[in-house]
Amino acid sequence: MSPASVPSSLPHFVAFFFVLSSLWAFPMAVASSDHQNHAGVTRHYKFHITLKNVTRLCNTKSIITVNGKFPGPRIVAREGDRVLIKVVNHVPNNITIHWHGIRQLRSGWADGPSYITQCPIQSNQSYVYNFTIIGQRGTLFWHAHISWLRATVYGPIVILPRRNDSYPFPKPHKEIPIIFGEWWNADTEAVINQAQQTGGGPNVSDAYTINGLPGPLYNCSQNDTFRLKVKPGKTYLLRLINAALNDDLFFSIANHTLTVVEADAVYVKQFDTDVLLITPGQTTNVLLKTKPHSPPNDTNFLMLARPYSTGLGTFDNSTVAGVLEYDNPSNHDHDHHNSSSSSSKNQTVVPLKPTLPQINDTSFAANFSSKLRSLASSKFPANVPKTVDERFFFTVGLGTNPCPRNQTCQGPTNRTKFAASVNNVSFALPSTALLQAHFFGRANGVYTTDFPSFPLRPFNFTGIAPNNTNVSSVSSGTKVVVLPYNASVELVMQDTSILGAESHPLHLHGFNFFVVGQGFGNYNSTTDPAKFNLVDPVERNTVGVPSGGWVAIRFLADNPGVWFMHCHFEVHMSWGLRMAWIVRDGKLPNQKLLPPPSDLPKC
């Protein structure tokens, strides 16, 4: 495939490449132009990937961190800012970082998924991620995007509005990132390696965490509790992020209502809820309005998160707790002591617990997701494609592969290994980066462009499972879909019940998409499109494909490059529930992928 962006004359290209790559490697600081409200500033960060001993649940282990922090440091920028992050790898493992949800317009070299847009950063090597935040504001996050290193390598991205722009809701008193994760006593690399060898399901995590802390409901974890101290009569913006490896989570705060105002760095129509659902890869901003007066000293409010799961596999069936504490001024008034005065010390604190839905409450999941709608205002329009150029129907779900000869496998049925697929294609990662192969016209032997647009062998997707649960070894491999620049795309993703119906959080790199429809059972291409919402559908980068159902999304292929799409359950991605889109260059100069930077890691 000969990319349109490569000049025909090689000497000209080499000169052009080095001029441009030098700009990437040594960026000039861009002066702030706040008064114009257009150009942003350049923000520099340095990420040192290092090992650090961390103790949780009375278990100390060496984990991979950024700058010795778990979770990692927050990235703060404004809409319109350019961000340069130098990542220096000091550990034996290869590493890449993905800036989850950042559109990466024409800057796909900075997207981060290993062997898709870049080769990994090897030990003692470095790479500068260089991107500009265009048309986004809210909460996203960054995380490792190689093997299961995301277990400890993650942190928040806070995108503030441009200067002189305000939130479409009252300015909060404070803003607090709350990032959900998982703690594993075991080494997660050993966990997935063992699962890949045996073909069975991997062991599960030992605890969920809030900002790296498991909380008081776990053994030996009383002191490792996230505490949110608040004042009465104030409004707080909670920036919620699900960075857990393998679990959707319900979240609630006892006796408090949350107002949802943003999802995946896009403002939404506000609605109140006592409980919210957040899948791995999703972010949700909520307003927490505290009570007008401090409750008694002996009252605390628990914030709880626990999984939503409908699959047959094992999962960490436990609950993480944090504490919402009111700053109580009554002690200052009465006995001139601080809030830990002798009178309050003798009181037993009664933590109030919220009620969370049942673990398999799929109707709650569907009702919650249906409440999310775009603002669709003149300032924040919902530019959902009204017409469709390219239609796709993808089945997503689990299956099996035969066990190799002379090997004992621990898959779901006799002599099988777990596998996962999209349209029965279990995607194999190449040994070189797809984006390099595409850009330099060297696809041969790296990938093929025959990814099926529809299932090759249709069946009753959500009915009784077929006898043959194998993912076809013939169709597996590194297959991609090629899209012309600016094509409007409609994609229906259909869950399958081959190994039990299950919700799959599907994440699309390089784009936001509009969720125009969803339902249970099998998608009906004749009757279901009539119910699509083309007025104010929610705009996201990660969507939960309903358990035993389907979801329809639309997006405009206006970002040239190679873009990964995968289940954000790490175990499903490891089993092959992933694929890639190639968007060709457009005809105009600003519609072409920029050349690679000079420090792009080599395989």
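Predicted model, so just to flag it, every value in this text is computed and none were measured.

**Some thoughts on the UniProt feature "domain: Plastocyanin-like" (unreviewed entry) in the chain**
The sites that carry the UniProt feature "domain: Plastocyanin-like" (unreviewed entry) are, in the present numbering, residues 49-163, 175-328 and 466-586. Segment residues 49-163 splits into 0% helix and 46% strand. End C-alpha atoms: 32 Å apart. Taken end to end, residues 175-328 comprises 7% helix and 47% strand; its first and last C-alpha atoms sit 20 Å apart.

**Concerning the nonpolar core**
Core analysis: the biggest nonpolar cluster contains 100 residues, and Leu238, Phe394, Met493 and Trp581 have the highest contact counts within it. When residues in this core are grouped by element, the largest group, six residues, is from strand β18 (residues 299-308). With residues up to four places along the chain from it excluded, the contact list for Trp581 reads Phe392, Phe394, Val481, Leu483, Leu491, Leu508, Gly561, Val562, Trp563 and Met565. Residues Ile85, Ile116, Ile157 and Ala265 belong to the second largest nonpolar core, which totals 47 residues.

**Quick word on the pattern of salt bridges**
Applying the stated rule across the entire model yields 16 salt bridges. Among the ionic pairs, Glu79 bridges to Arg137, the shortest N-O distance being 3.1 Å. Placement of Glu79 in the loop between β3 (75-78) and β4 (82-89) and of Arg137 in the loop between β6 (126-132) and β7 (138-144) is noted, with a sequence separation of 58 residues between them. Each member of the pair, Glu79 as well as Arg137, carries the same accessibility label: buried. One salt bridge connects Lys531 with Asp528, and the closest N-O pair in it is separated by 3.2 Å. Overall, Asp528 belongs to the buried group, its relative accessible area being 9%.

**Overview of the state of the cysteines**
Under the definition given, this model contains three disulfides. Covalently, Cys119 is tied to Cys603 through a disulfide, its sulfur atoms 1.9 Å apart. Since a negative S-S torsion denotes a left-handed disulfide, the Cys119-Cys603 link at about -100 degrees is left-handed. Of this pair, Cys119 sits in the loop between β5 (97-100) and β6 while Cys603 sits in the segment after β31 (578-583), and the two are 484 residues apart along the sequence. Residue classification places Cys603 among the exposed positions, given a relative accessible area of 53%. In this model Cys403 forms its disulfide with Cys409; the gap between the sulfur atoms is 2.1 Å. Sign of the S-S torsion, about 80 degrees for the bond between Cys403 and Cys409, identifies this disulfide as right-handed. A residue is classified by how much of its surface remains accessible, and Cys403, at 10% relative accessible area, is buried. Overall, the relative accessible area of 13% leaves Cys409 in the buried class. Taking only the cysteines that form disulfides and numbering them from first to last, the chain has the pattern 1-3, 2-6, 4-5.

**A word on the sheet that holds β5**
Taken together, four strands build an open sheet; the order of strands is β3-β8-β7-β5 and the sheet is mixed. Of all strands in the sheet, those bounded by a partner on one side alone are β3 and β5. For this sheet, the mean inter-axis angle between neighbouring strands, taken without regard to orientation, is 20 degrees. Two strands pair when backbone bridges link them, and β3 and strand β8 (residues 154-160) are joined in this way by four bridges, in the parallel orientation. Residue pairing for β8: Ile75 is matched across the bridge by Ile157.

**Details of the packing of aromatic side chains**
For the coordinates displayed, the defined rule picks out 34 aromatic pairs. Ring geometry for Phe511 against Trp563: centres 6.1 Å apart, planes inclined by 75 degrees, an arrangement best described as edge-to-face. With Phe511 in the loop between β25 (504-508) and β26 (513-520) and Trp563 in strand β30 (residues 561-567), this residue pair connects regions lying 52 residues apart in the sequence. Positioned above the aromatic ring of Trp183, the side-chain terminus of Lys61 is 5.1 Å from the ring centre.

**Details of the pairing of strand β16 (residues 275-278)**
Neither face of β16 is open: one carries Val275 and Leu277, the other Leu276 and Ile278, and all of them are buried. Of the pairings in the sheet, the one linking strand β13 (residues 248-253) to β16 comprises four bridges and is antiparallel in character. Within β16, the residue paired with Phe251 across the bridge is Leu276.

**Here we look at the domain arrangement of the chain**
When its domains are assigned, the chain resolves into domain 1 (40-164), domain 2 (169-328 + 349-374) and domain 3 (390-583). On a C-alpha basis, the centroid separation for the pair domain 2 and domain 3 is 28 Å. With 34 residues of domain 2 at the contact, the number on the domain 3 side is 35 residues. Buried area between domain 2 and domain 3, both sides added, is near 2,600 Å², and the carbon and sulfur share of it is 49%. Of the charged contacts, one joins Lys269 and Asp536 as a salt bridge, the two residues approaching to 2.9 Å between their closest N and O atoms. Taken together, domain 2 and domain 3 are joined by 20 residue pairs in polar contact (both at pLDDT 80 or more). The set of elements that each furnish at least two residues to the side of domain 2 that touches domain 3 consists of α2 (188-198), β15 (266-273), β17 (283-289) and α5 (362-370). For the side of domain 2 that touches domain 3, the per-class residue count stands at eleven nonpolar, 18 polar and five charged.

**With respect to α2**
Of the residues making up α2, those classed as buried are Thr188, Glu189, Val191, Ile192, Ala195 and Thr198. Tucked into the core, α2 has its buried residues touching α7 (570-574). Following α2 by one or two positions, Gly199 has its phi on the positive side, about 80 degrees.

**Quick word on the side chain of Thr299**
For Thr299, the location among the structural elements is in strand β18. A distance of 3.4 Å separates the side chain of Thr299 from the side chain of Asp298, its partner in a polar contact. Not counting the four nearest positions on each side in its chain, Thr299 is found in contact with Val349, Val350 and Leu352.

**Overview of unusual backbone geometry**
Pro71 follows Phe70 through a cis peptide bond whose omega is -10 degrees. Within the secondary structure, Pro71 sits in the loop between β2 (59-66) and β3. Phi is positive for Cys58, close to 60 degrees, though the residue is something other than glycine. Mapped onto the fold, Cys58 is located in the loop between β1 (42-56) and β2.

**Here we look at the sheet that holds strand β27 (residues 539-540)**
What the six strands build is an open sheet, ordered β22-β21-β24-β29-β26-β27; its pairing is mixed. Edge positions in the sheet fall to β22 (416-422) and β27, since each of these pairs with one other strand and no more. Pairing of β26 with β27 involves two bridges; the strand directions are antiparallel. Pairing of Phe514 across the sheet is with Glu539, part of β27.

Reading the values: rules and limits
- Residues numbered from 1 in each chain as written.
- Predicted model: local features only at pLDDT ≥ 70, side-chain atom pairs only at ≥ 80, totals over all residues.
- Heavy atoms only, no water.
- UniProt positions renumbered as here; feature names shortened; annotations may be inferred.
- Helix = DSSP H or I, 4+ residues; strand = E, 2+ residues; numbered from the N terminus.
- Core = buried A, V, L, I, M, F, W, Y, C linked by side-chain atoms within 4.5 Å.
- Buried < 20%, exposed > 50% of the residue type's maximum accessible area, 1.4 Å probe, protein only.
- Contact = heavy atoms within 4.5 Å.
- Salt bridge = Lys/Arg side-chain N within 4 Å of Asp/Glu carboxyl O.
- Disulfide = S-S within 2.5 Å.
- Pairing = 2+ DSSP bridges.
- Axes fitted to C-alpha atoms, helices over the stretch in contact; angles between N-to-C directions.
- Phe/Tyr/Trp six-rings, centres within 6.5 Å; stacked < 30°, edge-to-face > 60°.
- Lys NZ or Arg CZ within 6 Å of the ring centre and 35° of its normal.
- Domains from an automatic or database assignment.
- Buried area = accessible area lost by both parts, 1.4 Å probe.
- Polar contact = N/O pair within 3.5 Å; in protein donor to acceptor, adjacent residues only side chain to side chain.
- Nonpolar A, V, L, I, M, F, W, Y, C, P; charged D, E, K, R; others polar.

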